[in-house]
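# Report on the structure
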Amino acid sequence: MSTLKLSQVTVPAIGVGTWNIGEDPTKHSDEVKAIRTAIDAGATVIDTAEMYGQGRAEKITAEALAPYSREKLFLIDKVLPENASHAKLEISLDRSLRLMQTDYFDLYLLHWRGTVPLVETVEELTKMQDKGKIRYWGVSNFDTDDIKELWSLPNGKNCLANENLYNLDERGIEYNLLPLMHQVGMPLIAYSPLSQGDTISGKLTDHPLINELAHNHHVTVYQIMLAWTIRNHHTLAIPKAASPVHAKENVEALDISFTADELEALAKAFPKPTTKQPLATI
Ligand code: NDP
């Protein structure tokens with residue numbers, strides 16, 4: 001099983017995303033079941049945010065997690081940029097903790113950069129860490145210059161991880177952001193690792209090479225996409241699945257590994273960038 005280290009904690013390299021859950025009441029029981037199925041299959045990391053359904057995703061996630069022992073889970077939540085200030089961050093954090101029915105998050109991320117000075121957000125995150133409300137903090141949607149600026153600030157180097165868009169079709173961050181993060185061993189949390197299901201373009205799911213690999217490994221094209229994303233032990237992928245069947249398949253992708261030839265073929269079909277790309281976000 002593929003794992004990675006988030007500071008001192010070793011976690012399976014595939015976790016659970018929760019964006020868009022809680023939007024359709026008819027899906028509620030499947031959404032709860034899907035999260036539980038993923039945990040039963042071995043996932044321990046759950047990614048949510050105050051933004052998702054304005055707290056509805058956190059509420060459903062908490063319901064799904066209720067039967068599990070808190071210490072076995074690694075919970076990630078995110079603060080909106082407009083709430084990442086001295087005046088508001090702790091209020092947001094307390095609200096998310098209440099909705100998630102826990103007294104700490106393992107990792108608390110700034111969802112993206114806004115107008116609150118970064119130095120103020122880092123001060124506040126550090127305070128929350130000192131109070132024991134979060135174990136670690138990190139960022140999301142930060143590009144190379146943002147990370148360099150962060151590292152220049154007091155305590156800025158305590159940032160644990162950066163959560164960014166990353167999948168076979170979105171390799172832009174491999175040009176200079178990932179190499180910079182790798183210099184200090186900062187893991188990537190890859191969001192939308194399935195290209196949001198790839199249902200619109202079919203660029204990945206219809207691709208002959210991905211289909212051939214899926215056939216050879218006796219897995220689905222989605223599992224191939226996930227296994228590629230986590231191939232280097234620096235990346236945690238957080239696919240979202242409202243379907244319990246999908247949730248199980250996603251965690252099972254932890255056991256897929258590629259030969260050097262397969263990786264080379266994928267790199268040829270989906271080349272990494274040779275110039276700096278604007279940071280892709282959703
Ligand atoms: P994903 O790439 O995870 O794709 C989710 C879609 O793929 C859903 O439609 C889901 O269907 C489908 N799917 C999941 N597993 C399978 C499978 N095994 N077979 C077939 N289809 C499958 O998209 P997200 O954008 O949701 O990204 C994942 C998570 O990343 C989010 O939920 C969120 O936690 C995080 N995120 C963070 C962002 C940030 O700014 N920090 C931005 C965007 C996402 P179904 O639900 O029906 O199972």
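Residues numbered from 1 in each chain as written. Predicted model: local features only at pLDDT ≥ 70, side-chain atom pairs only at ≥ 80, totals over all residues. Heavy atoms only, no water.

What follows is about the overall build of the protein. If you tally the helices and strands in the protein, you get ten helices and ten strands. Whereas a compact globule of 282 residues would reach a radius of gyration of roughly 19 Å, the protein reaches 18 Å, a difference of no more than 12%. Projecting the C-alpha coordinates of the protein onto the three principal axes gives extents of approximately 55 × 45 × 35 Å. Out of the 282 residues belonging to the protein, those deemed buried represent 56%. Residue pairs in contact within the protein that sit at least 24 positions apart in sequence constitute 77% of those at least 6 positions apart. One finds the centroid of the 27 positive side-chain charges in the protein at a distance of 3 Å from the centroid of its 37 negative side-chain charges. (Helix = DSSP H or I, 4+ residues; strand = E, 2+ residues; numbered from the N terminus. Rg over C-alpha atoms; globule rule 2.2 N^0.38 Å. Buried < 20%, exposed > 50% of the residue type's maximum accessible area, 1.4 Å probe, protein only. Contact = heavy atoms within 4.5 Å. Lys, Arg positive; Asp, Glu negative; His and termini not counted. Charge placed at Lys NZ, Arg CZ, Asp CG, Glu CD.)

Here we take up the site of the ligand. Around the ligand, the structure places 27 residues, and the nearest of them are Asp47, Ser192, Lys240, Ala242 and His246. A distance of 2.9 Å is found between an oxygen atom of the ligand and a backbone nitrogen or oxygen belonging to leucine 194. In this structure, serine 195 approaches the ligand through a main-chain N or O atom, which is 3.4 Å from an oxygen atom. When the ligand sits alone it has 910 Å² of accessible area, and the protein chains cover 89% of it. (Near = heavy atom within 4 Å. Polar contact = N/O pair within 3.5 Å; in protein donor to acceptor, adjacent residues only side chain to side chain. Areas by Shrake-Rupley, 256 points an atom, 1.4 Å probe, with all protein chains shown as cover.)

It is worth spelling out the nonpolar core at this point. In this structure, Phe74, Leu107, Leu236 and Leu266 are the most contacted members of the largest nonpolar core, which totals 91 residues. With six residues, helix H8 (residues 221–229) is the single largest residue contributor to this core. When near neighbours in sequence (up to four residues on either side) are disregarded, phenylalanine 74 contacts Leu6, Val9, Val11, Thr44, Val45, Ile46, Asp106, Leu107 and Tyr136. (Core = buried A, V, L, I, M, F, W, Y, C linked by side-chain atoms within 4.5 Å.)

In spatial order, the strands read S3-S4-S5-S6-S7-S8-S9-S10; together these eight strands make up an open sheet with parallel pairing. What marks the edges here is a single partner per strand, and that holds for strand S3 (16–17) and strand S10 (235–237). As defined by bridge partners, strand S8 (residues 162–165) adjoins strand S9 (residues 188–191) across four bridges and the pair is classed as parallel. Bridge pairing in S9 links asparagine 164 to alanine 190. Set on the sheet, helix H3 (residues 89–99) makes contact with strand S5 (74–79), strand S6 (105–110) and strand S7 (134–140); between it and S6 the angle comes to about 135°. (Pairing = 2+ DSSP bridges. Axes fitted to C-alpha atoms, helices over the stretch in contact; angles between N-to-C directions.)

A word on the UniProt feature "site: Lowers pKa of active site Tyr" (unreviewed entry) in the protein. UniProt's feature table lists "site: Lowers pKa of active site Tyr" (unreviewed entry) at Lys78, given in the numbering used throughout. When you line up the elements, lysine 78 lands in strand S5. Among residues more than four places away in sequence, those in contact with lysine 78 are Asp47, Thr48, Ala49, Glu50, Tyr52, Tyr108, Leu109, His111 and Glu163. (UniProt positions renumbered as here; feature names shortened; annotations may be inferred.)

Following the criterion strictly, the structure yields three aromatic pairs and no others. Seen in terms of ring centroids, phenylalanine 105 and tyrosine 108 are 6.0 Å apart; in terms of plane orientation they differ by 10°. Their pairing is stacked. For the pair phenylalanine 105 and tyrosine 108, one class covers both residues: buried. Sitting over the ring of tyrosine 104, arginine 70 keeps its end group 3.8 Å from the ring centre. The aromatic ring of tryptophan 228 is capped on one face by arginine 231, whose charged end is 3.8 Å from the ring centroid. (Phe/Tyr/Trp six-rings, centres within 6.5 Å; stacked < 30°, edge-to-face > 60°. Lys NZ or Arg CZ within 6 Å of the ring centre and 35° of its normal.)

Further remarks concern the UniProt feature "active site" (unreviewed entry) in the protein. Per the UniProt record, "active site" (unreviewed entry) is annotated on Tyr52. For tyrosine 52, the location among the structural elements is in the loop between strand S4 (45–47) and helix H2 (56–65). Classification of tyrosine 52 as buried rests on a relative accessible area of 7%. Discounting chain neighbours no more than four positions away, the residues touching tyrosine 52 are Thr18, Trp19, Asp47, Ala57, Lys78 and His111.

With that settled, the discussion passes to the pairing of S7. Among the seven residues that make up S7, six are buried, leaving the element largely enclosed by the rest of the structure. Relative to S7, S6 runs parallel, the two being bridged by five bridges. Paired with tyrosine 108 across the two strands is tryptophan 137, which belongs to S7. A crossover links S6 with its parallel partner S7, the connecting element being helix H4 (residues 118–130), and its sense is right-handed. Here S7 runs beside S8; their pairing, made up of two bridges, is parallel. By the bridge assignment, serine 140 is partnered in S8 with glutamate 163. (Right-handed = clockwise from strand over helix to strand, strands pointing away.)

A few words now on the side chain of serine 96. You can see serine 96 is positioned in helix H3. The residues contacting serine 96, other than those within four sequence positions of it, are Glu50, Glu58, Asp77 and Phe105.

Across all of its chains, the model carries 17 salt bridges by this definition. Lysine 131 serves as the salt-bridge partner of glutamate 90, at 2.8 Å between the closest nitrogen and oxygen. Highlighted residues: glutamate 90 in helix H3 and lysine 131 in the loop between H4 and S7, separated in sequence by 41 residues. Through salt bridges with shared partners, one network takes in Glu90, Asp94, Lys131 and Lys133. (Salt bridge = Lys/Arg side-chain N within 4 Å of Asp/Glu carboxyl O.)

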